[in-house]
Amino acid sequence: MNAPSNALLGPVQIRDLAGRLGVRPTKTLGQNFVHDAGTVRKIVRSAGLEPGQHVVEVGPGLGSLTFGLLEAGMTVVAVEIDPVLAEQLPQTLADRAPEWSDRLTVVLQDALTVTELPGPAPTALVANLPYNVAVPVLLTFLERFDSLDRVLVMVQAEVADRLAAPPGNRTYGIPSVKAAWYATARRTSTIGRNVFWPVPNVDSALVLLERRAHPETRATRERVFEVVDAAFAQRRKMLRGALAELAGSAAAAAQALEAAGVDPTTRGEQLTVDDFARIAEALDDQAGTAPDETTGTAPDETAGTAQDEPDATEQDGTVTAERGSTSPAGTTPLVRPGTARP
């Protein structure tokens, strides 16, 4: 199963591949490639997976992390938006470790538009996520693929803090609550910027998420997330004011909050995802909304996108789109080992 230890990509191989493909990584293109084999193996170990597991990877790029997963015995479906990189990845693998080739399938598609994947359902997501779409991609995959029991993602350090933040923490916000709907999250380690080419302006961190049952509630997930969005739209407002528009008035919001057992003068950053679920139920009861039989399970095409609070990358403008970007979805061909791009 194992290939020689030098099958993983190092700085020389990364630059050589990029040069031959005409890939010039820039902030605009959102491409930063990991070139340190030790870091790749650390990421794979942190995922806590067993050989033979079916893993989905988003944004494999030139294949640094992909090869690490294959080296550890995983079967990988890699979702790549760039057609040049999607076509090259199986060829690079065939050159460096052909014995792994039957365990890799590349899907040429925007990760935010993926609704199904080839082969057995993946049990884990492991990815070096682009900074500017990290939260939307993470939430989209957690929603659409309930087979994912374990997720390890490398994201900007500030985003990692938000995803793993508990209520009351200064970084607790929309990503924290929405991620908690699906899973428990914890930041495991920091990844220095010097393991990337080109070197980004910020450090990255690993976040491990382990699937849990969503809150027991009569409200739909969409309704709960609507309440979360409203609660954090104006963070300094007390909930009775923040939810006034959603409820119809501040008085109606206060009534719903009291029915949910929440102090109307509380602010959103003090509440758990279960608290938000109770508030959503109370608002629905107040409005006479009938519960949906598919409570909490209907797909949400916009989960974690436009409604989410801005990432740190959007706030300071220094690394926006540095490690990834999305583009309009096209076709969804599979690029399998040994085949040409459609």
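Residues numbered from 1 in each chain as written. Predicted model: local features only at pLDDT ≥ 70, side-chain atom pairs only at ≥ 80, totals over all residues. Heavy atoms only, no water.

### Some details on the overall build of the protein
Stage number 1. Tallying secondary structure elements over the protein gives 13 helices and ten strands in all.
Stage number 2. When each of the 342 residues of the protein is scored for burial, the buried share is 54%.
Stage number 3. The long-range fraction of contacts in the protein, counting pairs at least 24 apart against all pairs at least 6 apart in sequence, stands at 77%.
Stage number 4. Working note: accessible area of the protein is about 14,200 Å², and carbon and sulfur atoms make up 49% of it. (Helix = DSSP H or I, 4+ residues; strand = E, 2+ residues; numbered from the N terminus. Buried < 20%, exposed > 50% of the residue type's maximum accessible area, 1.4 Å probe, protein only. Contact = heavy atoms within 4.5 Å. Areas by Shrake-Rupley, 256 points an atom, 1.4 Å probe, with all protein chains shown as cover.)

### Remarks on the side chain of Ser 64
Stage number 1. Note that Ser 64 resides in helix α3 (residues 64–71).
Stage number 2. Taking relative accessible area as the criterion, Ser 64 reaches 8% and is therefore assigned buried.
Stage number 3. Side-chain polar atoms of Ser 64 contact the backbone oxygen of Val 34, separated by 2.5 Å. (Polar contact = N/O pair within 3.5 Å; in protein donor to acceptor, adjacent residues only side chain to side chain.)

### Quick notes on the pattern of salt bridges
Stage number 1. Overall, the coordinates contain 13 salt bridges when judged by the stated rule.
Stage number 2. Measuring nitrogen to oxygen at the nearest pair gives 3.0 Å for the salt bridge that ties Asp 229 to Lys 178. You can see Asp 229 sitting in helix α8 (residues 221–233) and its partner Lys 178 sitting in helix α7 (residues 174–182), a full 51 residues away along the chain. Lys 178 matches Asp 229 in its accessibility class, with the two residues each being buried.
Stage number 3. What emerges from the salt-bridge pattern is a single network uniting Glu 143, Arg 221 and Glu 222. (Salt bridge = Lys/Arg side-chain N within 4 Å of Asp/Glu carboxyl O.)

### Description of the environment of Pro 264
Stage number 1. Counting through the fold element by element, Pro 264 comes out in the loop between α11 (250–259) and α12 (273–287).
Stage number 2. For the pair Pro 264 and Met 238, spaced 26 residues apart in the sequence, the C-alpha separation amounts to 6.8 Å.
Stage number 3. Leaving out residues up to four positions away in the same chain, Pro 264 has contacts with Met 238, Leu 239, Arg 240, Ala 254, Leu 257 and Glu 258.

### Observations regarding the environment of Ser 204
Stage number 1. Along the chain, the position of Ser 204 falls in strand β9 (residues 204–211).
Stage number 2. Counting along the chain gives 76 residues from Ser 204 to Asn 128, while the straight-line C-alpha distance between them is 9.4 Å.
Stage number 3. For Ser 204, the side chain forms a polar contact with the side chain of Tyr 131, separated by 2.9 Å.

### Points about the confidence of the model for the protein
Stage number 1. Chain-level statistics for the protein give a pLDDT mean of 85 and a share of 81% at 70 or above.
Stage number 2. Segment residues 290–333: pLDDT under 50, and 119 contacts once partners within four positions in sequence are set aside and those in other chains are kept.
Stage number 3. Per-residue pLDDT stays below 50 along residues 338–342; that stretch engages in seven contacts with residues further than four places along the chain or on separate chains. (pLDDT = per-residue confidence, 0-100.)

### Description of the packing of helix α1 (residues 11–21) against helix α4 (residues 83–96)
Stage number 1. Put simply, α1 and α4 touch, their axes get as near as 12 Å, and they point 130° apart. Our classification of the angle between α1 and α4 gives oblique. Like other packed secondary-structure pairs, α1 and α4 cross with a definite hand, here right-handed. Counting all contacts with α1, which are made through Gln 13, Leu 17 and Leu 21, the residues of α4 involved are Val 84, Leu 85, Gln 88, Thr 92 and Arg 96. (Axes fitted to C-alpha atoms, helices over the stretch in contact; angles between N-to-C directions. Parallel < 35°, antiparallel > 145°, perpendicular 65-115°, else oblique. Left-handed = near helix turned anticlockwise from the far one by under 90°.)

### Observations concerning the packing of α8 against α12
Stage number 1. Across the interface, α8 lies against α12 with an axial gap of 9 Å and an inter-helix angle of 105°. Classified by the angle between their axes, α8 and α12 sit roughly perpendicular to one another. On the side of α8, the interface is formed by Arg 223, Val 224, Val 227, Val 228, Ala 231 and Phe 232, while α12 contributes Phe 276, Ala 277, Ile 279, Ala 280, Leu 283 and Asp 284.

### Some thoughts on α3
Stage number 1. Of all eight residues making up α3, eight are buried, and the element is well covered by its neighbours.
Stage number 2. Within the sequence span of α3, burial applies to Ser 64, Leu 65, Thr 66, Phe 67, Gly 68, Leu 69, Leu 70 and Glu 71.
Stage number 3. Immediately downstream of α3, the backbone of Gly 73 shows phi near 95°, a positive value.

### A few points about the packing of aromatic side chains
A ring pair, where both rings are aromatic, is described by two values, the distance of the centres and the angle of the planes.
Stage number 1. This model, assessed by the stated rule, comprises six aromatic pairs.
Stage number 2. Between Trp 181 and Phe 225, the aromatic rings sit 6.0 Å apart at their centres with planes inclined by 80°, giving edge-to-face as the arrangement. With Trp 181 in helix α7 and Phe 225 in helix α8, the pair connects residues that are 44 residues apart, well separated along the chain.
Stage number 3. For Trp 181, a relative accessible area of 1% gives the class buried.
Stage number 4. Between Tyr 182 and Phe 225, the aromatic rings sit 6.4 Å apart at their centres with planes inclined by 80°, giving edge-to-face as the arrangement. Residue Tyr 182 is located in helix α7, and its partner Phe 225 is located in helix α8; the two are separated by 43 residues in the primary sequence. Exposure class is identical for Tyr 182 and Phe 225. Each is buried.
Stage number 5. Put simply, the rings of Tyr 172, Phe 232 and Phe 276 touch in pairs and so form one group of aromatic residues. (Phe/Tyr/Trp six-rings, centres within 6.5 Å; stacked < 30°, edge-to-face > 60°.)

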